[in-house]
Structure formats: structure tokens, C-alpha cells
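Chain residues, written in single-letter form:
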Amino acid sequence: FYAVGVVLYEMLSGQRAFRGTSTQIADSKQQVTRLVPSGGEVAPELAAVVSQATAADVGERLASASALRRALAPCEFADAACRRICMAGDTCMRSC
């Protein structure tokens, strides 16, 4: 579920997780222990899910879709309008 974590990171941060040539990207992936979206607009619970999904140590990663679903459960949005905004790919605000 590493790739899902990378996609979540890119959606939340608005930037690519890794940049450069194929060789540079491969080198970067070897050096990064996990991706953590930063900034005050990403809820800490959601940042923690991305971090766990992108852990370099396979034993620390989310192991299944069920595990990912459980990890995301605290990040559910009570407001349906906010959910639609967030699902459209916009950065989810903590206030939602």
C-alpha cells in the first residue's frame, strides 16, 4: 500500500513525492524513511496514515486495504460538503 500512501501524499501536499530522473528518484526513495505531509492544513491523523503507508520498513507499513480503512476511519469527515471537497482532490482543512 506504499503507492496509495504516495498518492495521498501528493494529493495533500500538492507536489510530487519524488522528482528527477529515474535514477535520482530511485536514490531518493532509498534515502527517505517515510513521507510526511507538512503544513497546518493537513490533519495530524491523516498525516500519520500517509507516514505509516509510506514507511521504508515494510514491517511498519499498512499491510492490507482493511488496515488502511481502519487507519483512515478517524479521518472521516462529519460534514458531507467537506467530504465532497476533499474527495475532489482539494487539500482537506483541519476545520472540516
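One can find the structure itself at the top, above this paragraph.
On a predicted model such as this, the values are computed, not experimentally measured, just so you know.

(A) Structural view of the overall build of the chain. Helix and strand counts for the chain stand at 5 helices and 0 strands. Mapped in sequence order, the helices and strands of the chain form the string α-α-α-α-α. Every one of the 96 residues in the chain was classed for burial, and the buried ones make up 29%. Of the roughly 6,100 Å² that the chain leaves accessible, carbon and sulfur atoms contribute 53%.

(B) Molecular detail of the side chain of serine 51. By the element assignment, serine 51 lies in helix α3 (residues 44–53). A polar contact of 3.1 Å, which involves the side chain of serine 51, links it to the side chain of arginine 34.

(C) A look at the pattern of salt bridges. Under the counting rule described, the total for this entry stands at 2 salt bridges. For arginine 16, the salt bridge identified is with glutamate 10, shortest N-O distance 4.0 Å. Relative accessible area serves as the criterion here: at 25%, glutamate 10 is assigned to the partly exposed category. Residue glutamate 60 is joined to arginine 34 by a salt bridge in which the shortest nitrogen-to-oxygen separation is 2.3 Å. Pair noted here: glutamate 60 is in the loop between α3 and α4 (65–72) and arginine 34 is in the loop between α2 (22–31) and α3, with a separation of 26 residues, a long-range link. Using a relative accessible area of 39% as the deciding quantity, one classes glutamate 60 as partly exposed. Residue class for arginine 34 comes out partly exposed when judged on its relative accessible area of 29%.

(D) Molecular detail of the nonpolar core. Of all hydrophobic cores here, the largest spans 19 residues; its most connected members are Ala17, Leu35, Leu46, Val49 and Leu62. Of all the elements in the fold, those that place two or more residues in this core are α1 (2–13), α3 and α4. Contacts of leucine 62, omitting those with residues within four sequence positions, involve Phe1, Val49, Gln52, Ala53, Ala67, Leu68 and Ala71.

Cut-offs used in this document
Residues numbered from 1 in each chain as written. Predicted model: local features only at pLDDT ≥ 70, side-chain atom pairs only at ≥ 80, totals over all residues. Heavy atoms only, no water. Helix = DSSP H or I, 4+ residues; strand = E, 2+ residues; numbered from the N terminus. Buried < 20%, exposed > 50% of the residue type's maximum accessible area, 1.4 Å probe, protein only. Areas by Shrake-Rupley, 256 points an atom, 1.4 Å probe, with all protein chains shown as cover. Polar contact = N/O pair within 3.5 Å; in protein donor to acceptor, adjacent residues only side chain to side chain. Salt bridge = Lys/Arg side-chain N within 4 Å of Asp/Glu carboxyl O. Core = buried A, V, L, I, M, F, W, Y, C linked by side-chain atoms within 4.5 Å. Contact = heavy atoms within 4.5 Å.

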